[in-house]
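Single-letter residue listing:
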Amino acid sequence: MARTAELDHIDRAILRLLQRDASLSLAAIAELVGLTQTPCWKRIRRMEQAGILTGRVALVDPASVGLPLTAFVAIETGDHSAPWLDRFAGVLSGMPEVMDAWRMAGDVDYLLRVVVPDMAAYDAFYRRLIAAIPLKNVSSRFAMEHIKAETVLPVPE
């Protein structure tokens, strides 16, 4: 299934509904998009198999579970080889405080979003990171306020 070419208006409606509330029952989704349950389930299953739907999760407020500090970590490296990237990805996979990791274009090679309980925990994370793999430069920015959080992609009609 081509990711965008084969998504009709019903598939897109299903995606919009699931993004807003993944706990909706199949019956509710089917009713809201004008299908019966079986064809609705087949569409959802097809989008899961195609990798369009990648999971269904509950969103948790970080501060309410003791993780109030968010850091954005910009990384520059002198090594852009495939083995280095594989090693870097492996290091990050063992660091649960890394919530997002992006390979970037521009003056920064990688950007991480890290959540931790406090500055001491961030310092421990930082020390583990720089000990695990050679990096050219690491700079951190700390969030003071979370102004907007959105997990719902603006899926076009």
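In what follows, the structure referred to is the one given above.
Residues numbered from 1 in each chain as written. Predicted model: local features only at pLDDT ≥ 70, side-chain atom pairs only at ≥ 80, totals over all residues. Heavy atoms only, no water.

Visitor: Give a detailed account of the nonpolar core, specifying residues and quantitative values.
Guide: Ranked by size, the top nonpolar core spans 19 residues in total, and within it V73, F88, L112, V114, F125 and L129 carry the most contacts. If you list the elements that add at least two residues to this core, you get strand 1 (69-76), helix 4 (82-93), strand 3 (110-116) and helix 5 (119-132). The contacts of V114, once residues within four sequence positions are left out, are L69, T70, A71, V73, E97, V98, Y122 and F125. Judged by nonpolar contacts, the second largest core, of 14 residues, contains L7, I10, L15 and I44. (Core = buried A, V, L, I, M, F, W, Y, C linked by side-chain atoms within 4.5 Å. Buried < 20%, exposed > 50% of the residue type's maximum accessible area, 1.4 Å probe, protein only. Helix = DSSP H or I, 4+ residues; strand = E, 2+ residues; numbered from the N terminus. Contact = heavy atoms within 4.5 Å.)

Visitor: Give a detailed account of the pattern of salt bridges, specifying residues and quantitative values.
Guide: Under the definition given, this model contains nine salt bridges. One salt bridge in this structure joins E48 and R45, with 3.4 Å as the shortest N-O distance. Placement of the pair is E48 and R45 together in helix 3 (residues 37-49), with a separation of three residues, close to one helical turn. The network of salt bridges with shared partners includes D8, D11, R43 and R46. (Salt bridge = Lys/Arg side-chain N within 4 Å of Asp/Glu carboxyl O.)

Visitor: Kindly report on the pairing of strand 3, identifying the contributing residues and their values.
Guide: Extensive coverage of strand 3 is indicated by the burial of five of its seven residues. Summarising the sheet, strand 1 and strand 3 pair through seven bridges and their orientation is antiparallel. Bridge pairing in strand 3 places A74 opposite L111. Sheet topology places strand 2 (residues 98-103) next to strand 3; five bridges connect them, and they run antiparallel. Of the residues in strand 3, the one forming a bridge with W102 is L111. In this structure, the hairpin formed by strand 2 and strand 3 is closed by a connection of six residues, where G106 is found at a positive phi of approximately 115°. (Pairing = 2+ DSSP bridges.)

Visitor: Mind laying out helix 5, listing which residues take part and the relevant values?
Guide: In an α-helix, one turn spans 3.6 residues; hence positions three or four apart end up facing the same way. End to end, helix 5 covers 20 Å across 14 residues, agreeing with the expected 20 Å (1.5 Å per residue, within 8%). Every buried residue belonging to helix 5 is among Y122, F125 and L129, and all of these are buried. The buried residues of helix 5 all sit within an arc of 60° when viewed along its axis, so they share a single face. The exposed residues of helix 5 that point more than 90 degrees off its buried face are A120, R127 and A131. The backbone nitrogen of A120 lies 3.2 Å from a side-chain oxygen of the residue at the head of helix 5, namely D118. (Expected span 1.5 Å × (residues − 1). Arc of directions from axis to C-beta. Polar contact = N/O pair within 3.5 Å; in protein donor to acceptor, adjacent residues only side chain to side chain.)

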